[in-house]
Amino acid sequence: MSEKRNITEEEKRLFEQVTGKEFTRRSFLKWTSALAGAAVASGLLWDDKFGLFREASAQEKMSGKGKWIHTTCQMCGGTSGIKVHVVDGRVVKIEPNEYNPIGVMNISADYEKFKTLGGRMCPKGNSGARALYDPDRLKKPMKRIGPRGSGKWKAISWDEALDEVSRNLLSIREKYGPEALFWATEDSSFTDMQGDFNLLYGSPNYSMHSNLCDVARKASFKLVMGDDRPLPDFANTKYALVFGGNPMGATKWAHLPGIWNLGRARGAKMVVVDPILSQTAAKADEWIPVRPGTDGALALALGHEIVANKWYDQEFINNYTVGFEKYAAFVADKTPEWAEKITSVPAETIRRIAKELASAKPAIVDVWSGPGHHTNATDGGRAIAMLPALLGQYDKPGTMMSRQAKGGKRRAFNVDKPKAARIDGLGTKYPFGHGSGIYVETRDAMISGQPYQLKAGVFMFQNFVMSVPNTKKNIEALKKLEYIVVFDTMMSETAELADIVIPGSHYLERWEINANWVTFPATAIRQPAVKSVINGMTEQEFILALAKKMGLKDKDGKTLPATYQDYMSDQLKNGPIGKTLDEMLALPGAVFIGGETHYEKYKTSGFATPSKKIEFSSEQMEKKGLNSLPEYAEPTFKPTSDFPLYLVNFKQAEHTHSRTFNNDYLMEMKPDNPLMMNSATVARLGLQDGDAIWIESPYGKAKATVQATERIHPEVVALQHGYGHWGFGKIARGALNKINTWSPAGTGDGQFLAGVAEKTSGMAVHKEIGVKVVKA
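Cut-offs used in this document
- In every chain, residue numbers begin from 1 and rise along the written sequence.
- Reporting in this predicted model follows two pLDDT cut-offs: at least 70 for local features of residues, and 80 or more for side-chain atom pairs to be given and counted; totals over whole chains, interfaces and linings ignore these cut-offs and use all residues.
- Think of the side-chain values as coming from all heavy atoms in the structure, minus any hydrogens and water.
- The axes used here are C-alpha line fits, helices contributing only the stretch in contact, and every angle between their N-to-C directions lies in the interval 0 to 180 degrees.
- The helix count covers DSSP runs of H or I at least four residues long, the strand count covers runs of E at least two residues long, and both are numbered beginning at the N terminus.
- Each crossing gets its hand from how the near helix is turned against the far one by less than a right angle, where anticlockwise is left-handed and clockwise is right-handed.
- Any two residues whose heavy atoms approach within 4.5 Å at even a single point are treated as in contact.
- Residue polarity is assigned by list, with Asp, Glu, Lys and Arg as charged and Ala, Val, Leu, Ile, Met, Phe, Trp, Tyr, Cys and Pro as nonpolar; anything else, Gly included, falls into the polar class.
- Burial classes: relative accessible area under 20% of the type maximum marks a residue as buried, over 50% as exposed, and values in between as partly exposed (1.4 Å probe, protein chains only).
- Buriedness of a pocket was judged along seven lines, with at least five required to meet protein on both sides within 12 Å; pockets are open sets of points on a 1 Å grid over the protein atoms alone, cavities are sets where a 1.4 Å probe fits but cannot get out, and lining residues have an atom within 4 Å of a point.
- Grid points are joined across faces, edges and corners, and a volume is the space filled by probe spheres set on the points.
- The quantity called pLDDT is the predictor's confidence in a given residue, expressed from 0 to 100.
- Polar contact is defined as a pair of N or O atoms within 3.5 Å, subject to the rule that within protein one atom must be able to donate a hydrogen and the other to accept it, and that residues adjacent in sequence are counted only when both atoms are side-chain atoms.
- Each direction from the helix axis to a C-beta atom contributes to the arc, which is the arc of those directions.
- Two strands form a pair only when DSSP identifies at least two bridges running between them.

J.: Looking at this model, I keep getting lost on the packing of helix 13 (residues 295–308) against helix 17 (residues 347–359). Mind explaining?
T.: Between two packed helices, what matters for the description is the angle formed by their axes and the separation of those axes. Put simply, helix 13 and helix 17 touch, their axes get as near as 9 Å, and they point 60° apart. The hand of the helix 13/helix 17 crossing is right-handed. In contact with Leu298, Ala301, Leu302, Glu305 and Ile306 of helix 13, helix 17 contributes Ile350, Arg351, Ile353, Ala354 and Leu357. Here the residues of the contact of helix 13 with helix 17 sort into eight nonpolar, no polar and two charged.

Next comes the structure, spelled out in structure tokens:
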């Protein structure tokens, strides 16, 4: 610092405040020279950017205090690596964990190159401590003492809660059989242990969040190339064509925006097909607005052009695929002109994109939940997944990569197969469904009592009312159950209908194993950063205590372990990692890296399909009475003359599903969800930006406000998902929103939906309904 520089009035004030002396230039310079590295401890900090001393922030003052704990985030299901600064038992800061590839890079060589630059976190991860210390968190188990939904509760002890749940679940099993229990949970949190509980209880009806998220994508890729979740290597590609994915906004893994931008910086062309100009489309080279649910037709027309012009990779097709001749004949009439009528994408645009895609190597073609939340999702996704197959663009640098994972080994129990089949039709009505179940079928069975009547429900990290499409039917279904247990940090809309609510833990208070979503083997440990803020039990502790109290064991007398740490250590030691929990915690960042990214694995082991090759034509689908080729079918719930606009939902970086809406930091960023409408549509309907409106579908009607924009297809309107709370907490219910007094919590999109499942995968259909919009 220069002794000739001007000293600001703020520096003079700080000098007198800290030293208690009257300011003089000489005394100030002598004092600051003596401070040197001790400035932060004294409450001051030299700021190189502005060339002056300033008062240190609260976090800067604590920088040398406390300890840093490496763990993983769970503000969404992405489990990005984080490190947590804890001072005097309290979390004061969360930063990315560079030892964890989630948040850095998804290719091993890139991870090694870039990890020294540090990781990344999204806004949700940065606001994690606000959820930990949320004053609206439930602190004691709550037992309902009035009619269901009356809001009359009594606080009880944890031991009383265990007694209540144990007695009621045992009674349900004795009176109605174990199949009368439905258990639903999030899919990145101790799911194996919850599955084991259901196994020992005897219920086949265990479901997870994936069915509400991406199982159509899983089915599409698995049927075509054998991997249900291939990952895009955006950083090393030359061309990316993404259908309905928003990695820059709906950030599942914190490294996604970085690898997208790195790919562009290295010269790749990025193209996004989406009805909405999402954050990703805004950071792409081209946005192609498409009618919702017609992506499959666009993909078939692209395939037509590649085949007709012989742009495909003949060698790859000859050696590593089956059914190409059938596919080529199938797409012969799927011309760009045919697709234009369906998709609204100009035929010349389709021809140009096909030529660009075929000319660029390496290339990525990916599909996510935009097309995946429609009634035609699996076949549409198959048509998209076949495009990189035509070009030989799988499992090579800069393409869609098959993942290599190493996690824990699940315990084996000697139990009889449940006498009753799953209630949701998984594996029968939905032959290519995912193990996470079919939520809407389970919900409908609660109402109808067919094929049998469910009597009890346990909901873990799941706001069933808000998460499953068709809110009205969800509430009706829960009222049919005799006994409902909800684990949640808040009194959610689902919790309001429960018989007992068990306070949930925060992810900074519990243990878990996280197998990382990158292309090379990587597994991280989530460990508590602090003790329970509410002095409660974690969900794992409660379930293990519950299993013991209920006497759950297999035919050999085997039970669940005494602690979840024992359960984790057993899984890790007996699985492919071969390490105990303590050994895992001793690794840098508590992360196990088990190898490198390997390419062209299919050359030695084939693809994980029945034929061991990529399948343009699927015999397994044909055997189930389905079309072996990716036939395009019109969406079932298209707009009509009465409901003329497509309604879709979308997600952004500020929120996760319906669960982050009591976080004051995030709600300050995005407190409401106005209805996105194309400016031309707004004008045609005689509306203006900011107008109060009614949205109506055949299944629901609610108020919203207009957001006029050019960022959406003119036939489409859109709501950000997760809003519309009437339960949860005071912020979620609208305390921060001073704009719309008639709808302070925003507008829930699930109330407008039919509440059906996609025909092949059973994916819950979240983005397919026609609505009308009128001025309120």
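J.: Is there a simple way to explain unusual backbone geometry in this structure?
T.: Both trends apply: most residues other than glycine have a negative phi, and most peptide bonds are in trans. The linkage connecting Lys361 with the following residue, Pro362, adopts the cis geometry, with an omega of -5°. With respect to the secondary-structure elements, Pro362 resides in the loop between helix 17 and strand 15 (363–367). In this structure, the amide linkage connecting Gln450 to the following residue, Pro451, adopts the cis form with an omega of 5°. Counting through the fold element by element, Pro451 comes out in the loop between helix 20 (439–448) and strand 17 (456–460). Even without glycine at this site, Asn470 takes up a positive phi of about 85°. Relative accessible area serves as the criterion here: at 4%, Asn470 is assigned to the buried category. Positive phi is not limited to glycine here, since Phe728 has a value of about 80°. By the secondary structure assignment, Phe728 is in the loop between strand 28 (716–720) and helix 30 (731–735).

J.: Sorry, what's going on with empty space enclosed by the protein here?
T.: One water molecule sets the probe size; rolling that probe over the atoms shows where empty space is left. Within the structure shown, the criterion is met by six cavities of 30 Å³ or more. If you add up the space inside the second largest cavity, you get close to 120 Å³. Around the second largest cavity, the lining comprises 17 residues; the ones closest to its centre are Cys73, Cys76, Ser80, Cys122 and Ala254. Here the residues of the lining of the second largest cavity sort into eight nonpolar, six polar and three charged.

J.: Got a minute to help me understand the confidence of the model for the protein in this structure?
T.: In the predicted model, the protein carries a mean pLDDT of 92, and 93% of its residues have values of at least 70. The low-confidence segment residues 736–743, where pLDDT is below 50, has 15 contacts with residues more than four positions distant or belonging to other chains.

J.: Would you take a moment to explain the side chain of Arg443 for this structure?
T.: Position of Arg443 relative to the elements: it lies in helix 20. Note on Arg443: relative accessible area 0%, which makes it buried. Among the polar contacts made by the side chain of Arg443, one reaches the main-chain carbonyl oxygen of Pro469 at a distance of 3.0 Å. If near-sequence neighbours (up to four positions away) are discounted, Arg443 is found in contact with Phe464, Val468, Pro469, Asn470, Lys473, Asn474, Ala477 and Gly755.

J.: Help me understand helix 16 (residues 336–343) in this model?
T.: Each full turn of the α-helix corresponds to 3.6 residues, which orients residues three or four apart in the same direction. Listed as buried for helix 16 are Pro336, Ala339, Ile342 and Thr343. Buried residues along helix 16 cover an arc of 120° about the axis, so they all sit on one side. Where helix 16 is buried, its residues meet helix 13 and helix 17. Downstream of helix 16 by a residue or two, Ser344 has a phi angle that is positive, lying close to 75°.

J.: Mind showing me how you'd approach the pairing of strand 17 here?
T.: Residues in a regular strand project their side chains so that they alternate between the two faces of the sheet. Among the five residues of strand 17, five are classified as buried, and the element is accordingly described as predominantly covered. Burial along strand 17 is two-sided: Ala456, Val458 and Met460 and Gly457 and Phe459, pointing in opposite directions, are all buried. Here strand 8 (residues 181–185) runs beside strand 17; their pairing, made up of five bridges, is parallel. If you follow Trp183 over to strand 17, its bridge partner there is Val458. In this structure, strand 17 lies alongside strand 18 (residues 483–488), joined through five bridges in parallel fashion. Bridged to Val458 within strand 18 is Val485.

J.: How should the pairing of strand 29 (residues 770–775) be read in this particular structure?
T.: The pairing of strand 24 (residues 645–650) with strand 29 spans two bridges and is classified as antiparallel. Bridging across to strand 29, Leu645 finds its partner in Val771. Sheet analysis places strand 26 (residues 692–697) next to strand 29, joined by four bridges and oriented antiparallel. Opposite Ile695, over in strand 29, you have Val773 as the bridge partner.

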